[in-house]
Number of protein chains: 2
Amino acid sequence: MAITLKEVAKRAGVSRSAVSRTFTDGASVSEKMRRKVEKAARDLGYSPNALASSLTTGRTKLIGLVSNNFHNPIFLQVFDLFTRGLQDRGLRPLLVNLSDETDPEASVRMLRQYSVDGVVVASSTLSPDFAKAFRDAGVPVVHSFGRSTSAPQVHVVGIDNVECGRMAARTLLARGYKDIAFLGGPESATSTQDRYKGFFQELATAPDINLSHSFAEQYSFDAGRKEMLRLLRDHPAEAYFCGDDVLSIGVLSAIKDSGLRVPEDIGIIGLNDMEMARWQNIDLTTIHQPIRQIVTSSIELMVAMLDEPDRYPEGRVFPCSIVERGTLRPAP
Amino acid sequence: MAITLKEVAKRAGVSRSAVSRTFTDGASVSEKMRRKVEKAARDLGYSPNALASSLTTGRTKLIGLVSNNFHNPIFLQVFDLFTRGLQDRGLRPLLVNLSDETDPEASVRMLRQYSVDGVVVASSTLSPDFAKAFRDAGVPVVHSFGRSTSAPQVHVVGIDNVECGRMAARTLLARGYKDIAFLGGPESATSTQDRYKGFFQELATAPDINLSHSFAEQYSFDAGRKEMLRLLRDHPAEAYFCGDDVLSIGVLSAIKDSGLRVPEDIGIIGLNDMEMARWQNIDLTTIHQPIRQIVTSSIELMVAMLDEPDRYPEGRVFPCSIVERGTLRPAP
DNA sequence: GCATATTTTGCAACCGGTTGCAAAGAAGTG
DNA sequence: CACTTCTTTGCAACCGGTTGCAAAATATGC
């Protein structure tokens, strides 16, 4: 068993409170006492039990990191940034993988059992209600990559997906494409819905456009490939706006297999600007999503909320930009 | 603040122990009592505080999941499998991102402060000493993707990297390559060392082989690309065994940029068989690493150790196999 | 040197649970 | 119905810390 505060106190010949105080900063301890205690602690190899102290302080420094995007490589970067950022602030990420089978209710309950100080929901496919469930349970929550409305129920950090849709539409129009399609992620995802909405709005005002749409089952290579193979059997469009880069790459793979060429026969524009999009064997034209800023901002918001739990919910939206690469034909 | 056991006890008109017992299975409670307590708990929305109970039971069900591979997409799958597998067994992964700056000592201390029941080190680049530090601190530990020796100090689950090196060598020999090179990951990684060792051993016995080697700074696309661009300035080899798929893909990208073709001018064989390796625009010949089995087995071992902490350290090695795709020329 | 102000220290209660033990209650036996 | 045995329940101590409060120690002023 590990060394406890009591043993250190005994060895140093002081009270338990004295030991506790030397290990909590801001407490009143004399230099002499501090040295005595630290020596004893070092001799014994003592380190305080964070969980025990959380009982009285009410703070665990545990942050639930909830996601369901374990098939989209950009989320590796997201996890990297979140874990690093949280660690740097002395917070500990408790990772929750919300796959299809797992009951969301159960996750809420579990994270409460572990008294997490806060929860970050990192997902563009989870319903806003999910994040809200934490808020209702009295847990500070930030929804990263979520849909930001004008009156958010919880803190939301992300991009304006509607505007991204418009952006994609304008880009395709500028290249002179007429027969245009949207290939989205899961239809239930708010990100898919919003991207399509903006895309549709912008194209609706343009003349002579033939617009179609379909959805992949999830944001993954396989789902994109599968859906594109299906589309290729029929009469494919001239250009596709894919709801996400990893989807786009699946689409590219399907097109390549069919013998058609990109961008000569079919144009593709993605969204995210994941690392692989710039790999020369992929070279995907896409819309850049500022992941780093979104994560940094989410963490800031989380930290702020720990001090001020009743902070008024806020939506933070970061701008996106087109990254021109090789999967769209030049403007006519 | 959350509802506590005391409040439930009061509401149900019973003792605190009674409430505690209804929530710990295996305890002696009458049906009548159970119903009474459960009703009160439901009315109040009570759920037990896992951390408080860990204080007496000595079990937190927290498992440290330590890794430093946040740039290699296969680790997204690794995290997916680990988090799911642990969750299914009622365990909670506390994720630790061991980037270059972070002090390994500090992680050990931190995980002890949170009284994790065990630690999984998931990395092929961390020194075996790191895992050992946990064992020395009295924490059950499994090193996944680590180097398994004949007398492991801690539980290790992974592949035989030396044998993989040999396998790669045999494959390249069979294809008639003579001018052969190894492009490894970080030189300090045991996986790199072992893969090179086997590769070298096998080629040393073959006649007329010209063997060279170099190392990328980490297992990442950029590092592979950078190293290959350097090699291309000189006189590149006929075929490369790359220490990892993501490295290989970086290498492919560099080759493509240089105007050379794969497999006509240069052959590439990777290791891991990551999802992207089979993407048609990559189509990488590689050695399959059975990630799923490694993770499953690691979790099994972890669970076993929770019951039996002094279990004798064991090495579990899973076989790898060649996956033929399009980056090696056919046998002559 | 003494009275007073300030800092440091220890006591004891508490955080939210668990558990050994003994008393109370229920069930079984003759 | 009394007696034994088994089950259920509550008491109280404990897990490893924190913290308000008052006593003890030290510093300050005159």
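If you're wondering where the values come from, they're calculated on a predicted model, not measured in any experiment.

1. Overview of the overall build of chain A
From N to C terminus, chain A includes 12 helices and 12 strands. Relative to the globule expectation of 20 Å for 332 residues, the C-alpha radius of gyration of chain A, 25 Å, shows a markedly less compact shape. Over its C-alpha atoms, taken along the principal directions, chain A stretches across nearly 85 × 40 × 35 Å. Looking at the 332 residues of chain A, the share that counts as buried comes to 54%. For chain A, restricting intrachain contacts to residue pairs at least 6 apart in sequence, the fraction spanning at least 24 positions comes to 71%. Element-wise, carbon and sulfur atoms account for 48% of the exposed surface of chain A, whose accessible area totals about 14400 Å². Separation of charge centres in chain A, based on 39 positive and 40 negative side chains, amounts to 11 Å.

2. Notes on the protein's contact with DNA strand D
Around DNA strand D, the surrounding shell holds 28 residues, and the nearest of these are Leu-5, Ser-20 and Thr-56 of chain A together with Arg-21 and Ser-30 of chain B. Each atom of DNA strand D within 4 Å of the protein was assigned to sugar, phosphate or base; sugar and phosphate come to 60%. Here a phosphate oxygen of DNA strand D and a side-chain polar atom of Ser-20 of chain A are 2.2 Å apart. Taking Thr-56 of chain A, its side chain carries an N or O atom lying 2.9 Å from a sugar or linking oxygen of DNA strand D.

3. What about the sheet that holds strand S7 (residues 210–215) of chain A?
Paired through their backbone hydrogen bonds, the strands of a sheet run either parallel or antiparallel. Residues and elements named next belong to chain A. The 6 strands are arranged S7-S6-S8-S9-S10-S12 in an open sheet whose pairing can be described as mixed. The open sheet is flanked by S7 and strand S12 (321–323), the only strands paired with a single partner. Going across the sheet, the axis of each strand differs from the next one's by a mean of 25 degrees, ignoring polarity. Pairing between strand S6 (residues 179–184) and S7: 6 bridges, direction parallel. For Ile-180, the partnering residue across the bridge sits in S7 and is Leu-211. The strands touched by helix H8 (residues 161–174) within the sheet are S6, strand S8 (239–242), strand S9 (267–272), strand S10 (286–288) and S12, with S8 carrying the most contacts at an inclination of about 160 degrees. Seen against the sheet, helix H11 (residues 245–258) touches S6, S8, S9 and S10 and runs at an angle of roughly 155 degrees to S9.

4. Thoughts on the interface of chain A and chain B
Between chain A and chain B, the contact holds 54 residues from the first and 54 residues from the second. Approximately 5000 Å² of surface area, both sides summed, lies buried where chain A meets chain B, with 59% of it carried by carbon and sulfur atoms. Linking chain A with chain B are 2 salt bridges. Across the pair Asp-222 of chain A and Arg-278 of chain B runs a salt bridge whose closest N-O atoms are separated by 3.2 Å. On inspection of chain A and its partner chain B, the count reaches 14 residue pairs in polar contact (both at pLDDT 80 or more). Contributing elements (two or more residues each) for the side of chain A that touches chain B: helix H4 (50–57), helix H5 (74–88), strand S2 (92–97), helix H6 (104–113), helix H10 (221–233) and H11 of chain A. A total of 7 residues in the side of chain A that touches chain B trace back to one element, the largest contributor, which is H5 of chain A. Taken together, the residues of the side of chain A that touches chain B sort by class into 24 nonpolar, 17 polar and 13 charged.

5. Examining empty space enclosed by the protein
With the rule as written, the count across this model stands at 3 cavities of 30 Å³ or more. Considered as a void within the structure, the largest cavity measures approximately 110 Å³ in volume. Along the walls of the largest cavity sit 15 residues, with Ser-124, Phe-145, Arg-195, Asn-272 and Gln-289 of chain A positioned nearest its centre. Mapped onto the lining of the largest cavity, the elements with two or more residues apiece are H5 and strand S5 (155–159) of chain A. Here the residues of the lining of the largest cavity are counted per class, giving 5 nonpolar, 8 polar and 2 charged. Looking at the lining of the largest cavity, you find at least three residues from each of domain 2 (62–160 + 290–319) and domain 3 (161–289) of chain A. Approximately 90 Å³ is the volume attributed to the second largest cavity. Along its surface, the second largest cavity is lined by Asn-69, Asn-72, Ile-74, Phe-75, Ser-124, Phe-145, Arg-195, Tyr-219, Asp-244, Asn-272 and Gln-289 of chain B. Counted by class, the lining of the second largest cavity contains 4 nonpolar, 5 polar and 2 charged residues. Residues from two domains meet in the lining of the second largest cavity; each of domain 2 (62–159 + 290–319) and domain 3 (161–289) of chain B gives at least three.

6. Re the relation of the copies chain A and chain B
Comparison of the two chain copies shows a relationship of rotation about an axis with a shift along it. With an RMSD of 0.1 Å, the operation that places chain A on chain B is a rotation of 180 degrees combined with a shift of 0.0 Å along the axis. The transformation relating the two chain copies, once decomposed into turn and shift, fits a two-fold axis. No C-alpha of chain A approaches the rotation axis more nearly than that of Leu-94 of chain A, which lies at 2.3 Å. When the interface residues of chain A are mapped onto chain B, 100% of them again lie at the interface, so the same face is used by both copies.

7. Topic: the packing of helix H1 (residues 5–12) of chain A against helix H3 (residues 31–44) of chain A
Residue and element names in this part refer to chain A. For the pair H1 and H3, the least separation of the axes is 9 Å and the interaxial angle reads 120 degrees. For the element pair H1 / H3, the angle class is oblique. Every pair of crossing elements has a handedness; the one defined by H1 and H3 is right-handed. Only Lys-36, Val-37, Ala-40, Ala-41, Asp-43 and Leu-44 of H3 make contact with H1, whose side of the interface consists of Glu-7, Val-8, Arg-11 and Ala-12.

8. Examining the domain arrangement of chain A
Splitting chain A by domain gives domain 1 (5–48), domain 2 (62–160 + 290–319) and domain 3 (161–289). The straight-line distance from the C-alpha centre of domain 1 of chain A to that of domain 2 of chain A is 37 Å.

9. Brief notes about the protein's contact with DNA strand C
In the region of DNA strand C, 27 residues are neighbours, and Arg-21 and Ser-30 of chain A together with Leu-5, Ser-20 and Thr-56 of chain B sit closest. Take Ser-30 of chain A: an N or O atom from its side chain is 2.8 Å from a phosphate oxygen of DNA strand C. At a separation of 2.7 Å, a phosphate oxygen of DNA strand C approaches a polar backbone atom of Leu-5 of chain B. Only helix H2 (16–23) and H4 of chain A together with helix H2 (16–23) and helix H4 (50–57) of chain B provide two or more residues apiece to the surface near DNA strand C.

Definitions and limits used
- Residues numbered from 1 in each chain as written.
- Chains lettered and ligands numbered in written order.
- Predicted model: local features only at pLDDT ≥ 70, side-chain atom pairs only at ≥ 80, totals over all residues.
- Heavy atoms only, no water.
- Helix = DSSP H or I, 4+ residues; strand = E, 2+ residues; numbered from the N terminus.
- Rg over C-alpha atoms; globule rule 2.2 N^0.38 Å.
- Buried < 20%, exposed > 50% of the residue type's maximum accessible area, 1.4 Å probe, protein only.
- Contact = heavy atoms within 4.5 Å.
- Areas by Shrake-Rupley, 256 points an atom, 1.4 Å probe, with all protein chains shown as cover.
- Lys, Arg positive; Asp, Glu negative; His and termini not counted.
- Charge placed at Lys NZ, Arg CZ, Asp CG, Glu CD.
- Near = heavy atom within 4 Å.
- Polar contact = N/O pair within 3.5 Å; in protein donor to acceptor, adjacent residues only side chain to side chain.
- Pairing = 2+ DSSP bridges.
- Axes fitted to C-alpha atoms, helices over the stretch in contact; angles between N-to-C directions.
- Buried area = accessible area lost by both parts, 1.4 Å probe.
- Salt bridge = Lys/Arg side-chain N within 4 Å of Asp/Glu carboxyl O.
- Nonpolar A, V, L, I, M, F, W, Y, C, P; charged D, E, K, R; others polar.
- 1 Å grid on protein atoms, 1.4 Å probe; cavity = no way out; pocket = protein on both sides within 12 Å on 5 of 7 lines; lining within 4 Å.
- Points joined across faces, edges and corners; volume = space filled by probe spheres on them.
- Domains from an automatic or database assignment.
- Least-squares fit on C-alpha atoms with pLDDT ≥ 70 in both.
- Parallel < 35°, antiparallel > 145°, perpendicular 65-115°, else oblique.
- Left-handed = near helix turned anticlockwise from the far one by under 90°.

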